[in-house]
Amino acid sequence: MKGSSWKGKHILTACQFSRADVDSVFALASDIKANRDKYMDVCKGMLSCNIFYEPSTRTDSSFEAAMKLLGGQVISLKGMANSSVAKGETLEDTVRTLEEYSDVLVLRHPEVGAAKRAAKVLKNPILNAGDGAGEHPTQAMLDLYTIQAEFGRIDGLTITIVGDLKFGRTVHSLVRMLALFKVAQLNLVSPEYLQIPDKYLAEVKKSGISVTQTSSLESVLASSDVLYVTRVQKERLDAKAKAQLASGVSPFHVTADLLARCKAKASLRILHPLPRVDELDAAIDSDPRAAYFRQMKYGLYVRMALLALVLGVASPPSPPKSKL
Amino acid sequence: MKGSSWKGKHILTACQFSRADVDSVFALASDIKANRDKYMDVCKGMLSCNIFYEPSTRTDSSFEAAMKLLGGQVISLKGMANSSVAKGETLEDTVRTLEEYSDVLVLRHPEVGAAKRAAKVLKNPILNAGDGAGEHPTQAMLDLYTIQAEFGRIDGLTITIVGDLKFGRTVHSLVRMLALFKVAQLNLVSPEYLQIPDKYLAEVKKSGISVTQTSSLESVLASSDVLYVTRVQKERLDAKAKAQLASGVSPFHVTADLLARCKAKASLRILHPLPRVDELDAAIDSDPRAAYFRQMKYGLYVRMALLALVLGVASPPSPPKSKL
Amino acid sequence: MKGSSWKGKHILTACQFSRADVDSVFALASDIKANRDKYMDVCKGMLSCNIFYEPSTRTDSSFEAAMKLLGGQVISLKGMANSSVAKGETLEDTVRTLEEYSDVLVLRHPEVGAAKRAAKVLKNPILNAGDGAGEHPTQAMLDLYTIQAEFGRIDGLTITIVGDLKFGRTVHSLVRMLALFKVAQLNLVSPEYLQIPDKYLAEVKKSGISVTQTSSLESVLASSDVLYVTRVQKERLDAKAKAQLASGVSPFHVTADLLARCKAKASLRILHPLPRVDELDAAIDSDPRAAYFRQMKYGLYVRMALLALVLGVASPPSPPKSKL
């Protein structure tokens, strides 16, 4: 998408973006980060309706903060089970009603494809904030922007993703978007029962990235530039995975000791979409390599950029300098 | 009420308005619709406390959007059962506390007369956003404004209301306010067990409007200018009505086929307060005669107008040109 | 704390304030009260994250209104049980995440010491809005400011606190802060099983204030300048206290008749943190001595002052004129 072509666009899936699109979002996010005051009123008089059928502290708060920091207003609908939905209203009717009050919608819904269904009946843009086991495109975008902001580039890096690669939609969207970059090496670390679905593996391999699947984090940690840790999605596991995870603990525990023992680089950056449970030790938080709280802030800028783009109130500040 | 006499007034019941009042609200709503920017900051520095003891997606969101689009701020209190009420606080104490923080209150409450009770102890204006089986005056106002905005007038039209005329408070308030206009013909269509209570029927007849009660939508559809469809209020039905509705389906189904078969006018406008269940087919949504999503937007303007009036930050733009 | 030293400070406990600190907050609160417009935009572009693990109508609304009336924005997180916490997130992770989106945090939490724990991991200031049976420092501050605003002073007054002095955290913080003033006489009125814990009694006595403990409100009402009434905290009572309160009614009932019979002063001011149940008769509400709804408004100004101070956007208007 070029220049003004963002205006009115839905953000539905990680697949919809070209490399140039991503570079545009990153360029705008960086400009917002550097010049907060410039964007403080760009959404004045505009309203976002944020509809969360599923609870989500950080995605919800992040989108709400993003709109408000652009000078816009937000109507936040949570716990939709207690509302018109209980009176039998369809998703389509709910979003068509709410778009009459607002300029943009943000939707989190438990069903795969919900955002796409909603988009079909809408005049205003909608941003998919997670649809069940489906997509969570702004999360993938912010994960990548964190790497971009910390390293100045994504191309050429060795990226290791560890944890639940089967049920975590975050990982699926991330892997899809990594395929847009010239990543040097992608390591996918999980026990066998939590391996990434073949569909996503095939996609990333097709893009030409060198991929290693392993259950040994130790074997790939030393060479990693980025360590992306994920939580086991206990609420999404199937019966088989639950049985194999019967111990109740995560298959991996990233600790300060592990980083030292495996000679992790000083320039390593550790990411995590949060919330975390026991897969990532809190003692690492004060290590400069821990980038996961900064990641939350980068996410705010990415969401501000996306909202400003689809609302047509800002454009990428200059032709993005692609390294391609 | 004239000019500045709106300032500080409570909005409690559909009965409180004269024809001139309604014309004033409509004139201001239309001016807001045409000149959004002019009203963008009129409530800057003001706060509305929106207190919803009962859930309500659209009324709640609409009032919240209205205040925010006037440049005001909103504190939204939902699910009051989990709050001070659980500690035994009276409605009176809750509203007196919240008015200390704010400039205007909006109240949805399950008990008939709640808004009136609250108004008795308040210095600031309160808007009744629905009190149980009682009143919902801003809904009636927006229903009428939808007709006004779509036809340019209400006088002289044939209006047909179909569905649950017994338990739907929306219908009761609407019928009361219709009595202010020179409606050509009012058709009230329902099965016998969902007929409008005698009290409201008597009121509208007394105003001189020609009223027909029937259970046959087919018999009156062709001559209708407005078809106002309502949902059966399953959550409010009494035991007798529940038994008669045992089939679980609405007594009426408005479909594209029905409109064609009954030769509905091309200029017909279909309204519905939403949410709908099965009484109004979604296939009609794309028909220009379907006005129910536009109705949501008109409602926003009506609520903006009412808030601006009782807060004293705007007045009707000119002497309303009544057709009387 | 002097001048700019407030910026970035946490507000955790009533014990952290010197007399000069309290005078500074009161001076700023009074300036805000007198010059609302001057402070209307001081927090423009700033965000407060208000995190309420426990429900609280008035504290929550008051903090939200305070930030919004300073021109700031608020993200309000309620019912945290349904969120990331359910996925096993620690309080520390939640607040570190939310501070990335915001400039200041407000926390209500059921565990004693929660705000202090949170403060340890934060860069931005946090305001304790109540931590279980622990502290509620802004409530004590607003109670004192109410007295200051109604009498023009606190020094030299006779203050009577009646009700549940054992489980009410409000009373504990208030008594601690009263120790900063030259109160003429402090009367603590409760049945024996609801007496103030020795710890707090010792503290206030050490400050040199004359304290009387009694179970007879009648004996001290005539000489009182301030009557601070509290609700029995039924939700916090221990088994023994519950048994002794088996009648289900409050041990005290302040009524118009009681005030007359005991010859309460015309200049008496009655305070109550609200919500109330049966300990304070609603018939008193219209008596000018009833200051408890005004107390809510004073609380708003105190919270505006505290937010403005820790955000560094305002300073006390002049060297506070202490009577010491």
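Quick notes on the rules
- Residues numbered from 1 in each chain as written.
- Chains lettered and ligands numbered in written order.
- Predicted model: local features only at pLDDT ≥ 70, side-chain atom pairs only at ≥ 80, totals over all residues.
- Heavy atoms only, no water.
- Contact = heavy atoms within 4.5 Å.
- Buried area = accessible area lost by both parts, 1.4 Å probe.
- Salt bridge = Lys/Arg side-chain N within 4 Å of Asp/Glu carboxyl O.
- Polar contact = N/O pair within 3.5 Å; in protein donor to acceptor, adjacent residues only side chain to side chain.
- Helix = DSSP H or I, 4+ residues; strand = E, 2+ residues; numbered from the N terminus.
- Nonpolar A, V, L, I, M, F, W, Y, C, P; charged D, E, K, R; others polar.
- Buried < 20%, exposed > 50% of the residue type's maximum accessible area, 1.4 Å probe, protein only.
- Pairing = 2+ DSSP bridges.
- Right-handed = clockwise from strand over helix to strand, strands pointing away.
- Phe/Tyr/Trp six-rings, centres within 6.5 Å; stacked < 30°, edge-to-face > 60°.
- Axes fitted to C-alpha atoms, helices over the stretch in contact; angles between N-to-C directions.
- Least-squares fit on C-alpha atoms with pLDDT ≥ 70 in both.

Student: Explain the interface of chain A and chain C to me, using residue names and the numbers behind them.
Tutor: Taken together, the contact between chain A and chain C spans 26 residues of the former and 21 residues of the latter. At the boundary of chain A with chain C, total buried surface from both sides reaches about 2200 Å², with 52% on carbon and sulfur atoms. Summed over the three residues of chain A that lose the most area to chain C, namely Thr 57, Lys 68 and Phe 293 of chain A, the buried surface amounts to 26% of that side. If you look at where chain A meets chain C, you find three salt bridges. In this structure, Asp 93 of chain C and Arg 276 of chain A form a salt bridge, with 2.5 Å as the shortest nitrogen-oxygen distance. Here chain A and chain C share six residue pairs in polar contact (both at pLDDT 80 or more) between them. The leading source of residues in the side of chain A that touches chain C is helix α2 (residues 57-69) of chain A, at eight residues. Broken down by class, the residue content of the side of chain A that touches chain C amounts to ten nonpolar, five polar and eleven charged.

Student: Break down the pairing of strand β4 (residues 126-131) of chain A for me, with residues and values.
Tutor: All names here are of chain A. Along β4, six of the six residues are buried, which leaves the element largely enclosed by surrounding structure. In terms of strand pairing, strand β3 (residues 104-109) meets β4 through four bridges, oriented parallel. If you follow Val 106 over to β4, its bridge partner there is Leu 127. With helix α4 (residues 114-120) bridging β3 and its parallel neighbour β4, the resulting β-α-β unit is right-handed.

Student: Kindly report on the packing of aromatic side chains, identifying the contributing residues and their values.
Tutor: Any pair of aromatic rings gets described here by the distance separating the centres and the angle formed by the planes. Residue and element names in this part refer to chain A. One pass over the full model with this rule turns up twelve aromatic pairs over all chains. Each ring, one from Tyr 145 and one from Tyr 298, has its centre 5.7 Å from the other, and the planes form 90°; the classification is edge-to-face. One end of the pair, Tyr 145, is in helix α5 (residues 137-151); the other, Tyr 298, is in helix α11 (residues 292-310), with 153 residues separating them in the sequence. Note on accessibility: Tyr 145 and Tyr 298 belong to one class, buried. Centre to centre, the rings of Tyr 292 and Phe 293 are 5.5 Å apart; their planes meet at 55°, and the pair counts as tilted. Of the two residues, Tyr 292 and Phe 293, neither departs from the other in class, the shared state being buried. Joined through ring pairs, the aromatic side chains of Phe 26, Tyr 145 and Tyr 298 make up one cluster.

Student: How would you sum up the sheet that holds strand β8 (residues 226-229) of chain C? Please name residues and give values.
Tutor: All names here are of chain C. If you trace the five strands from one edge of the open sheet to the other, you get β7-β6-β5-β8-β9, paired in parallel fashion. A strand with exactly one partner marks an edge of an open sheet, and here the two such strands are β7 (211-214) and β9 (269-271). Each strand axis lies, on average, 15° off the axis of its neighbour in the sheet, ignoring direction. Relative to strand β6 (residues 185-189), strand β5 (residues 158-162) runs parallel, the two being bridged by five bridges. Each bridged residue has a counterpart across the sheet, and for Thr 158 the counterpart in β6 is Gln 185. Packing against the sheet, helix α6 (residues 169-178) makes contact with β5, β6 and β8, and its axis sits at approximately 165° to β5.

Student: Just give me the short version of the side chain of Thr 170 of chain A, but keep the residues and values in it.
Tutor: Residues and elements named next belong to chain A. Relative to the helices and strands, Thr 170 is located in helix α6 (residues 169-178). Judged by relative accessible area, which is 13%, Thr 170 ranks as buried. Once residues lying within four places of it in the same chain are set aside, the contact partners of Thr 170 are His 136, Gln 139, Asp 143, Tyr 228 and Pro 273.

Student: Would you mind going over α6 of chain C in detail, with residue names and values included?
Tutor: Among the ten residues of α6 of chain C, ten are classified as buried, and the element is accordingly described as predominantly covered. Residues of α6 of chain C that are buried include every one of Arg 169, Thr 170, Val 171, His 172, Ser 173, Leu 174, Val 175, Arg 176, Met 177 and Leu 178 of chain C, and no others.

Student: Give a description of the relation of the copies chain B and chain C that names residues and reports values.
Tutor: With an axial shift of 0.0 Å and an RMSD of 0.0 Å, the rotation relating chain B to chain C amounts to 120°. Expressed as an axis order, the relation between the two copies is that of a three-fold axis. For chain B, the residue whose C-alpha comes nearest the rotation axis is Gln 73 of chain B, separated from it by 5.2 Å. Of the residues that chain B buries at the interface, just 5% are likewise interface residues in chain C, meaning the two copies contact each other through different surfaces.

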